[in-house]
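# Per-entry structural report
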Amino acid sequence: MLISPDETLTTLIETTKNSDAKDYAVNQIPIKKGLNRIKLVAANNAKIEFDININYGTFDELGM
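Residue indices begin from 1 for each chain and proceed along its sequence in written order. Local features in this predicted model are restricted to residues of pLDDT 70 or higher, and side-chain atom pairs are both shown and tallied only at a pLDDT of 80 or more, whereas totals for entire chains, interfaces and linings draw on every residue. Heavy atoms throughout the structure, all of them, feed into the side-chain values; hydrogens and water do not.

### A closer look at the sheet that holds strand β3 (residues 37–38)
Going by this rule: Whether two strands pair depends on DSSP finding at least two bridges between them. Numbering of helices and strands runs from the N terminus, with a helix taken as a DSSP run of H or I at least four residues long and a strand as a DSSP run of E at least two residues long.
Read across the open sheet, the three strands follow the order β2-β1-β3; overall the sheet is antiparallel. With one partner strand each, in any of the chains shown, β2 (9–10) and β3 form the two edges of the open sheet. Looking at chain direction, strand β1 (residues 2–3) and β2 are connected through two bridges and run antiparallel. Bridged to Leu2 within β2 is Thr10.

In structure tokens:
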């Protein structure tokens, strides 16, 4: 989920047992100026590999 500075929620990528993206999914997102947050939401015992590339601006921290 992308949480925009105005608290708007946007689903970035969603996969299910029936989705085509079993191995990977790629998504480019335009973000608004200000504090943007990404929240990963997964089922119990889910396996996730996450990679982020920031072309402009700064990436401050990755919290767990």
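### Side note on the confidence of the model for the protein
Basically, it comes down to this: The predictor attaches a confidence to each residue, called pLDDT, with possible values from 0 through 100.
The share of residues in the protein with pLDDT of 70 or more is 84%, and the mean pLDDT across the chain is 78. Ranking the elements of the protein by mean pLDDT puts β3 last, at 87, and β2 first, at 91.

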